[in-house]
Amino acid sequence: MDKIIIQGGNRLAGEVGISGAKNAALAILSSALLTDEWNTFYNVPKLKDIDTIKTLLLHIGAEVQEKGNDLKIRTRNIQNAEAPYALVKTMRASSLVLGPLLTRFKRARVSLPGGCAIGARPMNLHLLALEKMGADIKIESGYIDVKVAPRLKGAKIYFDISTVTGTENIMMAATLADGITILENAACEPEVAELADVLNNMGACIKGGGTDCITIEGVDSLKPVRHTVMPDRIEAGTFMVAAGMTKGNVLIKNCPIHNLEALAVKLQAAGVEIKTENDGVRIIGNSPLQSVDVKTLPYPGFPTDMQAQFMAMMSIANGLSVITETVFENRFMHVSELQRMGADIRIDGRNAIVKGMPFLSGAPVMATDLRASASLILAGLAAEGVTEISRVYHLDRGYERIEEKLSKLGANIKRVKA
Ligand code: EPU
C-alpha cells in the first residue's frame, strides 16, 4: 500500500489547475444509461471512484472508450441491470445507476451498500421516492430488487432530509416516467444543477435544477449528449485551505469560486486573502490565522466535504473554534490523527472544539476516508518535521495527481510504495 511522506514547512506558491468534479462526473456518467447512443464526456478526472463507476457500467454491459480525460459511453446492449456488492461496497455512489436502470429497463438490482466510515448513510429516501412512483421494491440477500410495469409514474416527492445522490437518482428516474414529478426539499448542490443541465441537453424536461424544488416532466426517450464536467469545488477548496495554512500565494486556475461562497467567507474571517483575477482566484496567507466557528450544512451552506480540511487549519489558528458537523453523524475520524500531530481537539457530540496551537508536529498518521486524508495532507504541509500518511488509497478516490500538483507549488511531498 502506498504512503505519502511530507516534509512540512514550505510555503506554497505558483499556479494550480483544478480537475473535473468527481461527484458531478459520477452522476453524469450514470446518466449515460438513459440513452442507447454514444455519449461523450470531457474533463472526467482520473480517479479510483471514476474507475469504479466505469467498471460498473462495463459489468452492466455498457461500451466505454477512454482517451485521456475524455470518455465515450454507449449503453445499447444491456445484459445485466445489476450493481454487485463487490463494487457498491467500495463506492456507495454506485447506487446512482438505480434510477436510470429502473426507468429505462423497468428492472434493477442494486446491492445495499452497508456501513460507512462517516455515517450510516441509508438509502431509504431513494426507495421511498421510487415506491411513490409505482416501483415494486424487495430487499433480498442484501440486494434491492426493483421492478416497475409498465413505466414509472410521475409523483410529488418530499425528501425528509436533503440528499444529493437521492435527488440525482430520482431526477434521472423521473426523466422517462409517465407524467410530472415534483421533488421538494431537493438538494441544491451545483453537481445536481449540472446533472439537470446534462439531462435537459439529452432532451429531458427539467425545471428548477439547483433549487430545492425540481419539476421533471417525463418524456418517451432521450438522445445522447456531449458534456464537459465542471471543475471540482472541493478540490479547489482544499487548495485554498492549503495556501492559507502554509502562508502561501497560490493562483487557483478555473476555480469555481461562485460555488465556494460559504468556504470563502470563513477563510476571509480566518485572515486568508482571496483575490479574483482574470485567470483564476489568488489565495494569499499573509496574516496570522484566526479561529472561526463553522457548521456544515447542505449547499449553499458550508460543505461537509471541507470540514476535515478546515479543522486542520483551525488546529493552528489563534483562539478557539467550534466545528459542528450536521450532515453526517460520524465524520470526525480525522480528529484522533490530527491529535497525534499535536492538535488540541475535543469532541462533544456533533461539535469539535479546536484550540489552536502555535504549530503541529509531523507524525505517522493513517487516512480513514477521502476528506480525512486531505486534512492530514494539509496538516503535514504546515507541520514541523515529517508526516507519513498511510492508507492513501482513500485519497486516490477523489484527488487527481494531488502530490504532483502540490510538488509543483513547492511542497516537499512524495509517494512511496510500501
Ligand atoms: N440520508 C438518509 N437517507 C437517504 C439518503 C441520505 O438518511 O436515503 C442522509 C445521510 O445519511 C446523510 C444525509 O442524508 O446524513 C445527506 O446525505 P446525502 O444523501 O446528501 O449524501 P450522498 O448523496 O450519499 C453526496 C456526496 C458526498 C457528500 C454528500 C453531502 C456524491 C457521490 N457523494 O453523498 O461526497 O459528502 O453528498 O454533501 O455525490 C465525498 O466526496 O467525499 C463525499 C462523501
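Residues numbered from 1 in each chain as written. Predicted model: local features only at pLDDT ≥ 70, side-chain atom pairs only at ≥ 80, totals over all residues. Heavy atoms only, no water.

## Here we look at the overall build of the chain
Here is step 1: Looking only at helices and strands, the chain features 14 helices and 24 strands.
Here is step 2: For 418 residues, the compact-globule estimate of 2.2 N^0.38 gives 22 Å, and the chain sits close to it at 21 Å.
Here is step 3: Dimensions of the chain along its principal axes, counting C-alpha atoms only, are 65 × 45 × 40 Å.
Here is step 4: Per-residue burial for the chain yields a buried fraction of 56% across its 418 residues. (Helix = DSSP H or I, 4+ residues; strand = E, 2+ residues; numbered from the N terminus. Rg over C-alpha atoms; globule rule 2.2 N^0.38 Å. Buried < 20%, exposed > 50% of the residue type's maximum accessible area, 1.4 Å probe, protein only.)

## A closer look at the sheet that holds strand E8 (residues 136-140)
Here is step 1: Taken together, the four strands give an open sheet; going across it, the order is E6-E7-E9-E8, and neighbouring strands pair in mixed fashion. Edge positions in the open sheet fall to strand E6 (82-83) and E8, since each of these has one partner strand only.
Here is step 2: Here E8 runs beside strand E9 (residues 143-147); their pairing, made up of five bridges, is antiparallel. Pairing of Ile-139 across the sheet is with Ile-144, part of E9.
Here is step 3: The sheet contacts of helix H4 (residues 98-105) involve E6, strand E7 (107-111) and E9, and relative to E7 the element is tilted by about 160 degrees. (Pairing = 2+ DSSP bridges. Contact = heavy atoms within 4.5 Å. Axes fitted to C-alpha atoms, helices over the stretch in contact; angles between N-to-C directions.)

## As for unusual backbone geometry
Here is step 1: In this structure, Pro-150 follows Ala-149 across a cis peptide bond, with omega equal to -5 degrees.
Here is step 2: Tracing the backbone shows Pro-150 in the loop between E9 and strand E10 (156-158).
Here is step 3: The step from Tyr-299 to Pro-300 runs through a cis peptide bond, and the omega angle for that step is 10 degrees.
Here is step 4: By secondary structure assignment, the location of Pro-300 is in the loop between strand E18 (294-295) and helix H10 (307-314).
Here is step 5: Backbone geometry places Lys-106, a non-glycine residue, at a positive phi of 65 degrees.

## Comments concerning H10
Here is step 1: Burial analysis of H10 places eight of its eight residues in the buried class, the great majority of the element.
Here is step 2: All of the buried residues in H10 are Gln-307, Ala-308, Gln-309, Phe-310, Met-311, Ala-312, Met-313 and Met-314.

## Side note on the packing of helix H8 (residues 233-245) against H10
Here is step 1: Two numbers describe how H8 lies on H10: the axes approach to 10 Å, and their chain directions differ by 5 degrees. Comparing their axes, H10 and H8 come out roughly parallel. Contacts from Ile-234, Thr-238, Val-241, Gly-244 and Met-245 in H8 reach Gln-309, Ala-312 and Met-313 in H10.
Here is step 2: Class assignment of the residues belonging to the contact of H8 with H10 gives a composition of five nonpolar, three polar and no charged. (Parallel < 35°, antiparallel > 145°, perpendicular 65-115°, else oblique. Nonpolar A, V, L, I, M, F, W, Y, C, P; charged D, E, K, R; others polar.)

## What about the sheet that holds strand E24 (residues 412-417)?
Here is step 1: The sheet built from four strands is open, its strands ordered E22-E23-E1-E24 with mixed pairing. A strand with exactly one partner marks an edge of an open sheet, and here the two such strands are strand E22 (364-366) and E24. Pairs of neighbouring strands in the sheet enclose a mean axial angle of 25 degrees, with direction left out of account.
Here is step 2: Pairing analysis gives six bridges linking strand E1 (residues 2-7) to E24, with the strands arranged antiparallel. Residue pairing for E24: Ile-6 is matched across the bridge by Ile-413.
Here is step 3: Where helix H12 (residues 370-382) meets the sheet, its contacts fall on E1, E22, strand E23 (386-390) and E24, and the angle it forms with E1 comes to roughly 30 degrees.

## Focus: the environment of Thr-296
Here is step 1: Mapped onto the elements, Thr-296 comes out in the loop between E18 and H10.
Here is step 2: Placed 99 residues apart in sequence, Thr-296 and Leu-395 show a C-alpha to C-alpha distance of 21 Å.
Here is step 3: Apart from the residues lying within four places of it in its own chain, the contact partners of Thr-296 are Phe-302, Pro-303, Thr-304, Gln-307, Thr-324, Glu-325, Thr-326 and Val-327.

## Describing the environment of Thr-52
Here is step 1: Checked against the element boundaries, Thr-52 lands in helix H2 (residues 48-60).
Here is step 2: Assessed through its relative accessible area of 9%, Thr-52 is described here as buried.
Here is step 3: Apart from the residues lying within four places of it in its own chain, the contact partners of Thr-52 are Leu-87, Thr-90, Met-91 and Ser-94.

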